[in-house]
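Summary of the model geometry
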Amino acid sequence: MDKIILTNEDINTFNWDLINNDIICTSGHFELDSQSVKMDVQAHRYLTDLIAKIAKARGEADDNLYPYRYYNDKKRLLDSLSPSDIEALKLIGPNITDPVLSGRIYDIIWLKSKPRDKADAQKAIESYKKVHTTPDNFYIATRFCLARAIALVSMFRDSKSRHEIESILCSLLEKHHHDLEFYYQLLNFCDYYSLTTKDDHDVAIYCFETYERALCEQQYDLARRYCKLAEKKFKSLKDTDNANLAIKKQADAWRIEAESRSDNLIFVSNELYGNAIQTYLKIPNSHRSQDTLSAIESCKLKRQKQSEPAISQLPTFSDTQDVSDLANLAIDTVKNKSSVQHAISAFCGLPTAINKEHLIKMMETSRTECSFLEIFGGVFMAQDGRVVAHTHPQNLDAPVTEHNLMDLTMFSHTVQHNVSLIVQGMIIPALHKLNEEHHIDGALLRDFCEQAPLIDSDRTGLTSKALLAGFNLDFDLANHVLVPQIEHFVRSSLKKNDVVIHTSEQDNTEELSTLNYMLFSIDSKETFEENLLFEMQVLFGDKKGFNARNDLAHGVLNDGMSMSTTAVYIWWRYLKLCLGSIFME
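Values in this document were obtained by computation on a predicted structure and should not be read as measured data.

**Remarks on the overall build of the chain**
- Broken down by element type, the chain carries 29 helices and 6 strands.
- Summing over all exposed atoms, the chain offers an accessible surface of approximately 29200 Å²; the carbon and sulfur share of this is 50%.

**Digging into empty space enclosed by the protein**
- Taken as a whole, this structure holds 3 cavities of 30 Å³ or more when the rule is applied.
- In this structure, the largest cavity occupies an estimated 90 Å³ of space.
- Along its surface, the largest cavity is lined by Ile486, Leu532, Glu535, Met536, Leu539, Phe540, Ile570, Arg573, Tyr574 and Leu577.
- Listed by contribution, the elements that provide at least two residues to the lining of the largest cavity are α26 (530–541) and α29 (565–584).
- Grouping the constituent residues of the lining of the largest cavity by class yields 8 nonpolar, no polar and 2 charged.
- In this structure, the second largest cavity spans a volume of roughly 40 Å³.
- Every residue lining the second largest cavity is listed: Leu454, Ile455, Asp456, Arg459, Thr463, Gln485, His488, Phe489 and Tyr574.
- Here the lining of the second largest cavity takes 3 residues from helix α23 (residues 475–496), the largest share from any one element.

**Digging into the packing of aromatic side chains**
- Scanning all chains against the criterion turns up 16 aromatic pairs.
- An aromatic cluster of at least three residues, connected via ring pairs, comprises Tyr183, Tyr184, Tyr206 and Tyr226.
- A cation over a ring is seen here: Arg116 above Trp110, with NZ or CZ 4.4 Å from the ring centre.
- The ring of Phe208 is capped by Lys249, whose NZ or CZ atom sits 5.2 Å from the centre of that ring.

**Digging into helix α3 (residues 42–55)**
- Taking 1.5 Å as the rise per residue, α3 with 14 residues should run 20 Å; its terminal C-alpha atoms sit 20 Å apart, in good agreement.
- In terms of burial, α3 is a largely internal element, 10 of the 14 residues being buried.
- Listed in full, the buried residues belonging to α3 are Ala43, His44, Tyr46, Leu47, Thr48, Leu50, Ile51, Ala52, Ile54 and Ala55.
- Here the buried face of α3 lies against α1 (8–13), α2 (32–38), α4 (76–80), α5 (83–92) and α6 (99–112).

**Some details on the packing of helix α7 (residues 118–129) against helix α9 (residues 159–175)**
- Packing of α7 against α9 brings their axes to within 11 Å, and their N-to-C directions diverge by 10 degrees. In terms of orientation, α7 lies roughly parallel with respect to α9. For the element pair α7 and α9, the recorded crossing hand is left-handed. Across from Gln122, Ile125, Glu126 and Lys129 in α7, the residues of α9 making contact are Ser161, Glu164, Ile165 and Ile168.

**Considerations on the side chain of Thr565**
- Inspection of the secondary structure assignment puts Thr565 in helix α29.
- At 3.3 Å, the side chain of Thr565 and the side chain of Ser420 are in polar contact.

**Thoughts on the pattern of salt bridges**
- Tallied over the entire structure, the rule returns 28 salt bridges.
- Ionic pairing is found between Glu126 and Lys129, a salt bridge with its closest N-O pair at 3.1 Å. Of this pair, Glu126 and Lys129 both sit in helix α7, 3 residues apart, which is roughly one turn of the helix.
- Classification of Glu126 as partly exposed rests on a relative accessible area of 32%.
- We note a salt bridge from Lys233 to Asp191, for which the minimum N-O separation is 3.0 Å. With Lys233 in helix α12 (residues 220–236) and Asp191 in helix α10 (residues 180–192), the pair connects residues that are 42 residues apart, well separated along the chain. As far as the burial class goes, Lys233 and Asp191 line up, both buried.
- Members of the salt-bridge network, linked through shared partners, are Lys248, Asp252, Arg255, Glu259, Asp291 and Lys302.

**Concerning the environment of Ile51**
- By secondary structure assignment, the location of Ile51 is in helix α3.
- What Ile51 contacts, discounting residues up to four positions off in sequence, is Ile19, Ile23, Leu32, Ile92, Leu101 and Ile105.

**Focus on the packing of α3 against α5**
- Put simply, α3 and α5 touch, their axes get as near as 11 Å, and they point 95 degrees apart. As far as their axial angle goes, α5 and α3 are roughly perpendicular. Across the interface between the two elements, Tyr46, Leu47, Leu50, Ile51 and Ile54 from α3 touch Ser84, Asp85, Ala88, Leu89 and Ile92 from α5.
- A class-by-class count of the residues in the contact of α3 with α5 yields 8 nonpolar, 1 polar and 1 charged.

**Re α12**
- The terminal C-alpha atoms of α12 lie 25 Å apart, and with 17 residues this matches the ideal 24 Å at 1.5 Å per residue to within 8%.
- Among the residues of α12, those classed as buried are Tyr220, Leu222, Ala223, Arg224, Tyr226, Cys227, Leu229, Ala230, Glu231, Lys233 and Phe234.
- On its buried face, α12 sits against α10, α11 (200–216) and α13 (240–261).
- Looking one or two places after α12, you find Lys238, whose phi comes out positive at around 60 degrees.

**Points about unusual backbone geometry**
- Going from Lys114 to Pro115, the amide bond is cis rather than trans, its omega being -5 degrees.
- By the element assignment, Pro115 lies in the loop between α6 and α7.
- The phi torsion at Ser194 lies on the positive side, around 55 degrees, for a residue other than glycine.
- Along the chain, Ser194 turns up in the loop between α10 and α11.
- Of note in this structure, Leu473 is not a glycine but carries a positive phi near 70 degrees.
- Look at Leu473 and you get buried, because its relative accessible area is 4%.

Reading the values: the criteria
- Residues numbered from 1 in each chain as written.
- Predicted model: local features only at pLDDT ≥ 70, side-chain atom pairs only at ≥ 80, totals over all residues.
- Heavy atoms only, no water.
- Helix = DSSP H or I, 4+ residues; strand = E, 2+ residues; numbered from the N terminus.
- Areas by Shrake-Rupley, 256 points an atom, 1.4 Å probe, with all protein chains shown as cover.
- 1 Å grid on protein atoms, 1.4 Å probe; cavity = no way out; pocket = protein on both sides within 12 Å on 5 of 7 lines; lining within 4 Å.
- Points joined across faces, edges and corners; volume = space filled by probe spheres on them.
- Nonpolar A, V, L, I, M, F, W, Y, C, P; charged D, E, K, R; others polar.
- Phe/Tyr/Trp six-rings, centres within 6.5 Å; stacked < 30°, edge-to-face > 60°.
- Lys NZ or Arg CZ within 6 Å of the ring centre and 35° of its normal.
- Expected span 1.5 Å × (residues − 1).
- Buried < 20%, exposed > 50% of the residue type's maximum accessible area, 1.4 Å probe, protein only.
- Contact = heavy atoms within 4.5 Å.
- Axes fitted to C-alpha atoms, helices over the stretch in contact; angles between N-to-C directions.
- Parallel < 35°, antiparallel > 145°, perpendicular 65-115°, else oblique.
- Left-handed = near helix turned anticlockwise from the far one by under 90°.
- Polar contact = N/O pair within 3.5 Å; in protein donor to acceptor, adjacent residues only side chain to side chain.
- Salt bridge = Lys/Arg side-chain N within 4 Å of Asp/Glu carboxyl O.

Given below as structure tokens:
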């Protein structure tokens, strides 16, 4: 679009009802694009597009240089606004009645003007103070608006405006004391920004009282969060006894929740008992009461009793095989590590189940034992009865090589056996031992993902949640997130090597290349380590075997397939791959 200079007539004839309807809080800004196309006046289209551009950005209140950003680029919004855009915003500002949008516009004017005018920042503060905060819009109203007002107030050391913001929050606390979740969010917000709304001791005592109420309502996570806040308050008051009591109450909430789920969710309750133990252990030895020690031993005993049935919830390989030696070796590998990081490193050091050279030797042996299968070939069917692949008759005198390995009828059966053996014999026993000795939480895995070069910065939150799900034995949830991330890893790795990862269609559109196509392309051999590529081909590209990507993408997976040994292996293998990328860096 050519440079547009707004006039007073353009401002006066514009339909401001399109803008002044909480477009940020209600995501109404997505409709502005369609409205803009319908406008006949070019200046009105420009005005609408400019507002939509600003409204679509998310707020980062604590970033003083770039407080408004898009999800994939923190600089693009502010750096893309020209001086003429800022002049247009100055004309637009007085016509905006939505306080969220008004505050953002005046804040941007202040940030981009040269020289800056403090009056623009003050207008932003005043607008943000007018935002009506409710449980429904809490995040935008506080983290995007009040938090930004606090940041500006701190820059100018404006104590008057700060007291006014504290008064607003006091009124909200008084009005919403019956809403436990919203009240906690308000208390936590005040604590984060060191706002004086209530006495710290009173807040801590209130948190203890609310903890009991939340437990009665079976809001276990909320109960723990209240006690976490109480712990912080008591520590700031140097009240060690009550701070330790707050820790104990958090642990009690884990234990009580575990007991409530013991009958029908063994995997979950087992992990909750582990969390309870780790939380009890945060209390210093000198402050652990007999009641605390008894609770620790009780949780350990219950967790131990549940370990066997928990493992039995996983589908097992049909062949009978003693894996006790493997299990003991795996447990010895991860136990007694000085830190959770060392334990995870040891856990990732377990051997892989899919090794090309090893499988070639295995197939040489198995082919002589089951030669009739290779002579006649085979037909492979999916879970829903479809024929998905064939293997052709093989020449038994020809050697097994990497070129014909995956064409052998017994190959998929052999690989599946290997995966089941490694998962049930090593990965699952080691994982239970790791969880028994260490507490693995979301913050730890988020930090892990942020360090891993393999994981893009805009995918760390998603990936860390999936990895945590695996540590909690929710492999079905983990794989629904991780399999697409593995496909992204393949695609982005090829793209870094200047490989074209899309196809050009006759109608001049472009479609992303399929994972199968990419894994078996010549370019992949030059991009990925040989055995890693082979593993990905076997797991995600072989219709005769796992075919994990297509089964997930096309809705073929059922409960059993989602919690299979294959699902466990894919989760562990991705964890191992991420850790390896850190070491290589």
